[in-house]
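Architecture and fold: a report
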Amino acid sequence: MAHIPDGLLSAPVLVSGAVAAVVGVGLGLRRLDERLIPRAGILAAALFVGSLVAIPVGPTSVHVLLSGLMGLMLGVAAFPAVFVMLLLQALLFGFGGLTTLGVNTVNIALPGVAFAALLGPMIRRADNGRAALAGLLGALSVAGTGGLVALSLALSSSDYTPVASVLLATYAPLMIGEAFVTATIVAFLGRVRPAALQPAAS
Amino acid sequence: MPDDPRLRLVAALVAVSAISLLRTVPVAAAAFALAALATALRRPEPRFWRRLLHVEMFVLLLFVTLPFTVAGPAVATLGPFTVSGAGLWRATLVALKVSASVLLLRVLLGDLEPERLGAVLRALLVPERLAHLFVMTARYVALIRDEARRLMDAMRARSFRPRSSRHTWRSYGNLLGMILVRALERAERVQEAMLCRGYAGRYRSLPLDAPQARDWACFALLSGAAILAVVIDRL
């Protein structure tokens, strides 16, 4: 439940989310050379498809967010990529929302970009231990998103605080699934196409 | 309903923003009733209702917690917990607002073609690069989804059964890795093809027809109703 729907958050939270998203998307677009747009767009489409796959974890099934991987493969350009994916999702499936587009973009993209910037150089360098680091990246990114979603709810109304903590508990299976799947994807890409682990925008 | 996609997108944004500002249950209920009526008139496919259920998970979570945690006079007791009227009221309000927004978005934006939205976004002053990125993503999602479906059919043909195990996670990881590798190869081919045809970061987007008087009228009606709802709500 990373996509907060319309009608839940308060106006100040929505507006600050939108402002932060504009800054992030703007930064990302500046790094995204015109000629890299096809690559970024197709990569975003592939990551979007990946997030539609339902993966069983324990008694439930989860959809991976792949935000850490996005940060690794796209760098700051993950902000516009996430924005585009969320807009598409709102238009195609009626998921997420329009007014929450900014908040959701920041909640999903920011942890991925930040943790990928932190762990990315090590992941690209390391040969053994790469999978473990990538798993950590996936888990941390999802945890960061969970924290931000809970924060958005708690800041909107103090009545939501208990809901926010329940929500955090539901992120545990997500973190497990995300960690294992991200680790495998990165190990696979490292073997088959190491260049893919470099950010598209640079 | 405005036919013009630009006005429809703006009207949706106005209406949904207005709904998220509502504070009283009667007005939210009226908004929900209108949105539900409009949805029912359009006869959505059964798949839509299943997706709606997914969105309502948030609402369910609120209904389970809010009546017990919001302080107020108790209307009922469940063992050691008391249900407060204020909490119940609050949960109803949020449920109505979230549901009305989802239904309205579906009605207003459900049949827009994503491939054609690039020109719409440009017309609404979205930066050109962002509009390009959107068009590229929208174009390739359907294609890559088919590719993913083929890869998953191949896994199933080798009697892969998803379970909660490391084997499953590793298999899905490899599947997604393969999807990404194929996407990157496709991106290279697409990029070369585009460069061959003189792409230099600019497209010609097809001109959109000017909105008709009917579009403007529908747009005015919708946004007027949205603003009126907020005003009544605050009275």
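Positions within a chain are numbered from 1, following the residues in the order the chain's sequence is written. Numbering of ligands from 1 and lettering of chains from A proceed in the order in which they are written. Only residues with pLDDT of 70 or above have their local features reported here, since the model is predicted, and side-chain atom pairs are shown and tallied only from 80 upward, although totals for entire chains, interfaces and linings are computed over all residues. Hydrogens are left out, water is left out, and the side-chain values use all remaining heavy atoms of the structure.

The name an unreviewed UniProt entry assigns to chain B is Cobalt/nickel transport system permease protein, from the organism Hansschlegelia beijingensis. UniProt positions are given in the numbering used here, feature names are shortened, and annotations may be inferred rather than shown by experiment. Under Subcellular location (unreviewed entry), UniProt gives the following word-for-word description of chain B: "Cell membrane". Recorded in UniProt under Sequence similarities (unreviewed entry), the annotation for chain B is "Belongs to the CbiQ family."

The name given to chain A in an unreviewed UniProt entry is Cobalt/nickel transport system permease protein, and the organism recorded there is Hansschlegelia beijingensis. Entered under Subcellular location (unreviewed entry) in the UniProt record, the comment concerning chain A runs "Cell membrane".

Per the secondary structure count, chain B includes nine helices and two strands. By the criteria applied, helices consist of DSSP H or I runs no shorter than four residues and strands consist of E runs no shorter than two, each listed in order from the N terminus. Along chain B, helices and strands appear, N-terminal first, in the series α-α-α-α-β-β-α-α-α-α-α. In terms of overall size, chain B is more extended than a compact globule, its C-alpha atoms giving a radius of gyration of 24 Å where 235 residues would be expected to give roughly 18 Å. Dimensions of chain B, computed from C-alpha atoms along their principal axes, come out at roughly 70 × 60 × 30 Å. The buried label goes to any residue with under 20% of its type's maximum accessible area, the exposed label to any with over 50%, and the partly exposed label to all in between, with areas taken from a 1.4 Å probe on protein chains only. In chain B, which comprises 235 residues, the proportion classed as buried is 44%. Looking at chain B alone, contacts between residues at least 24 apart form 72% of all its contacts between residues at least 6 apart. In summary, the charge assignment counts Lys and Arg as positive and Asp and Glu as negative, without counting His or the chain termini. Every charge is mapped onto a representative atom, which is NZ of Lys, CZ of Arg, CG of Asp or CD of Glu. Separation of charge centres in chain B, based on 32 positive and 17 negative side chains, amounts to 7 Å. Only C-alpha atoms enter the radius of gyration, while the globule expectation follows 2.2 Å times N to the 0.38, with N the number of residues. In this analysis, two residues are considered to be in contact whenever any of their non-hydrogen atoms come within 4.5 Å of each other.

Turning to unusual backbone geometry, a few remarks are in order. Backbone geometry at Leu66(A) places phi at a positive 60°, although glycine is not the residue there. You will see that Leu125(B), though not glycine, has its phi angle at about 65°, which is positive. Checked against the element boundaries, Leu125(B) lands in the loop between α6 (117-123) and α7 (128-157).

Attention now moves to the side chain of Ser156(A). Residues and elements named next belong to chain A. Within the element layout of this structure, Ser 156 appears in helix α6 (residues 130-156). The exposure class of Ser 156 is buried, given its relative accessible area of 15%. Pairs of N or O atoms are called polar contacts if they sit within 3.5 Å, as long as, within protein, a hydrogen donor faces a hydrogen acceptor (for residues adjacent in sequence, only side-chain-to-side-chain pairs). A distance of 3.0 Å separates the side chain of Ser 156 from the backbone nitrogen of Ser 10, its partner in a polar contact. Non-local contacts of Ser 156, meaning those with residues more than four positions away in its chain, are made with Leu 9, Ser 10 and Val 13.

With respect to the helices, strands and loops of the structure, Asp6(A) is situated in the segment before α1 (11-31). No salt bridge is formed by the buried Asp6(A). Its closest oppositely charged neighbour is Lys97(B), at 11 Å. Separated by 3.1 Å, the side chain of Asp6(A) and the backbone nitrogen of Leu98(A) make a polar contact. A distance of 2.4 Å separates polar atoms of two side chains, one belonging to Asp6(A) and the other to Thr99(A). Apart from residues no more than four positions distant in its own chain, Asp6(A) is found in contact with Gly96(A), Gly97(A), Leu98(A), Thr99(A), Thr100(A), Val16(B), Lys97(B), Val98(B), Ser101(B) and Leu105(B). Take a side-chain nitrogen of Lys or Arg and a carboxyl oxygen of Asp or Glu: if they are within 4 Å of each other, that pair is a salt bridge.

It is worth spelling out the interface of chain A and chain B at this point. Contacts between chain A and chain B engage 73 residues on the former and 74 residues on the latter. A per-residue breakdown of the area chain A buries against chain B is headed by Ile42(A), Leu91(A) and Arg193(A), which together make up 10% of the total. Counting the contacts that link chain A with chain B gives two salt bridges. The salt bridge involving Arg193(A) is made with Glu188(B); its shortest N-O contact spans 3.2 Å. At the surface where chain A touches chain B, the tally comes to seven residue pairs in polar contact (both at pLDDT 80 or more). Elements with a contribution of two residues or more to the side of chain A that touches chain B: α1, α2 (37-50), β1 (54-57), α3 (67-74), α4 (78-93) and α7 (161-192) of chain A. Per-element accounting of the side of chain A that touches chain B gives the leading share, 14 residues, to α2(A). Accessible area that two parts lose when put together, evaluated with a 1.4 Å probe and summed over both, is termed the buried area.

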